[in-house]
Amino acid sequence: MTALHLSKIGNKMTNKVGVRAIMHDIQEVLNSNLNQYVNLSAGNPAILPQVYEMWEEALKDIVNDKQLKNLISQYGSSYGTHELIDCIREYFFTNYRIKLDREQVLITSGSQNLFFLALNSFCGTSKEGRVKKALIPMLPDYAGYSGVALEEGVIEGIPPILSKLDHHTFRYEFNKQAFKDKIAQDPDVGAVVLSRPNNPSGNILSEESVQLISQVCKDYHIPLLIDSAYAPPFPAINFIEMDPIIHDNIIHCMSLSKVGLPGERIGIAIGKSDFIKVMEAFQSNILIHSSRLGQRMVVSTLKSGQLAGISANHIRTHYKQKHDYLKNLLTIRMPDDIPWYLHKAEGSLFGWLWLEGLPFSDTDLYNKLKAENLIVVPGGSFFHGSQSSSHNRECIRISLTAADEELKKGIDILSSVVKEIYSSNFIFQTEKI
Ligand SMILES: Cc1ncc(COP(=O)(O)O)c(C=O)c1O
């Protein structure tokens, strides 16, 4: 086959490096023989019975009301349907006393697409030829941000402060001074982006930290994207109190995926109309609009109160129990005398494990676990190329979407591999993914 002559963007998008290399490898492994492996890598949410019933009911209502034809056979506005936008406005006014105009809400085709629109509008090569960057205030953070940038080297992040809370628990702390210094010294920050609750660590940045980040961004006229894919009001996978924070310079980003609708691709951006207008134009060029059927399903569940209710009463409880279960398993099954630390459970659907002093990299550990039929996500790609510390190569992400039995099997494998690794006579052959 002759070599393809791809554009720079074509090459960037197809290059299997970082998270794409890992995800590609995981996919190949699981396709080869799914049943052989304990899969603790999934980002797909568990579909709880109450969640499925809610969406099934919403779809049945659409069909019974003879709405289906109108929804699937017509194009619509690139902002999203008026009825969903008005529903979001009403929800934010009733619950948070936040008044939004229609032009301040954009329905996107999933929140991954939302970040694609925003990061490529506010970051990348500017008219003046300078490369504007997207800054993550506290690493690690969602690996997908590096994937959506059309240009290389756009994502940068600030290393966290590591705080050990007890023998086997730690938490990331936001380095305020480093953030303030970076913004003050680097004129090329085009946007700031963070997930809250955080994927992968489950950390929730305090309200005080977010207010500070927002104020600094405001002072320097930088849009701040707050990725709320796991936040309240839906899917509400927060185990500590938190509320949406909305200011003039914030783009509040929501997703319907973790509340059981990843296949319908619905994301929501809320922000100043100037920001929203830019993203709407971009969206209309590349994909016109999000699924109208999915948008209609969201309207009925939001209006009935089920979306927020099921999130707070079932989804949040489910993942909190899963995290407690994981912590308990690790405590019982992992060797007590090696320095392993689980990030404090504050939210999201992952356990984030730090193996301090791991004698080789996280990808080597991934390969070693894979050889024992356990699949986890090595943590390096969540640090977006930052080489600031050996910590960046010492973490793995464990998905809480697996059944208890699978989690137990997985932690047994992990524990025996870790015991072997930390024993003094261990020799490891590195292998490339
Ligand atoms: C933090 C975070 N942001 C955004 C996304 C993208 O989600 P979606 O495009 O399905 O809304 C994900 C998906 O896992 C995520 O974890």
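Predicted, not measured: the structure shown is a model, and the values here were computed from it.

### Comments concerning the overall build of the protein chain
When its secondary structure is counted, the protein chain shows 14 helices and 16 strands. Over its C-alpha atoms the protein chain spans a radius of gyration of 22 Å, differing by no more than 12% from the 22 Å that the globule rule assigns to 433 residues. For the C-alpha atoms alone, the extent of the protein chain along its principal axes is close to 65 × 55 × 55 Å. The buried share of the protein chain, reckoned over its 433 residues, is 45%. If you take every contact in the protein chain between residues at least 6 apart in sequence, the share linking residues at least 24 apart comes to 76%.

### Section: the domain arrangement of the protein chain
Reports of interface size often rely on the accessible area that becomes lost once the parts have come together. Domains assigned within the protein chain are domain 1 (8-50 + 310-420) and domain 2 (67-307). The centre of domain 1, based on its C-alpha atoms, is set 24 Å off from the matching centre of domain 2. If you look at the interface, domain 1 gives 39 residues, while domain 2 gives 44 residues. Contributions of two or more residues to the side of domain 1 that touches domain 2 are made by α1 (8-14), α2 (18-32), α12 (306-333), β12 (340-343) and β13 (350-355). Of the residues forming the side of domain 1 that touches domain 2, the biggest block, 8 residues, is contributed by α12.

### Quick word on the site of the ligand
By nearness alone, 14 residues border the ligand, and Gly-110, Ser-111, Gln-112, Ser-255 and Ser-257 come closest of all. The residue makeup of the shell around the ligand, split by class, is 3 nonpolar, 10 polar and 1 charged.

### Quick word on the nonpolar core
Among the nonpolar cores identified, the biggest contains 117 residues, and Ala-118, Leu-119, Ala-134, Ala-191, Val-192, Ala-269 and Leu-353 are the most heavily contacted of them. For this core, the element with the highest residue contribution is helix α6 (residues 111-122), accounting for 7 residues. If we skip the residues at most four places from it in the chain, Leu-119 touches Ala-134, Tyr-145, Val-148, Ala-149, Val-154 and Ala-191.

### Thoughts on the sheet that holds strand β16 (residues 395-399)
Sheets are built from strands that pair by backbone hydrogen bonding, the pairs being arranged parallel or antiparallel. Strand order in the open sheet formed by 6 strands is β6-β7-β12-β13-β16-β15, and the pairing between neighbours is mixed. The open sheet has two edge strands with one neighbour each: β6 (161-166) and β15 (377-378). Relative to strand β7 (residues 169-173), β6 runs antiparallel, the two sharing 5 bridges. Among the inter-strand pairings, Ser-163 is bridged to a residue of β7, identified as Arg-171.

### Brief notes about the pairing of strand β10 (residues 250-255)
For β10, a buried count of 6 out of 6 residues is recorded, marking the element as mostly surrounded by other parts of the structure. Residues Ile-250, His-252 and Met-254 line one face of β10 and the alternating positions Ile-251, Cys-253 and Ser-255 line the opposite face, and both faces are buried. Relative to β10, strand β9 (residues 224-227) is paired through 4 bridges, and the arrangement is parallel. Looking across to β10, one finds that Ile-226 is bridged to His-252. Taken together, the 4 bridges between β10 and strand β11 (residues 267-270) define a ladder with antiparallel strand orientation. By the bridge assignment for β11, His-252 is matched with Ile-270.

Rules and cut-offs
Residues numbered from 1 in each chain as written. Predicted model: local features only at pLDDT ≥ 70, side-chain atom pairs only at ≥ 80, totals over all residues. Helix = DSSP H or I, 4+ residues; strand = E, 2+ residues; numbered from the N terminus. Rg over C-alpha atoms; globule rule 2.2 N^0.38 Å. Buried ≥ 20, exposed ≤ 12 C-beta atoms within 10 Å, placed from the backbone. Contact = placed C-beta atoms within 7 Å. Domains from an automatic or database assignment. Near = placed C-beta within 6 Å. Nonpolar A, V, L, I, M, F, W, Y, C, P; charged D, E, K, R; others polar. Core = buried A, V, L, I, M, F, W, Y, C linked by C-beta atoms within 7 Å. Pairing = 2+ DSSP bridges.

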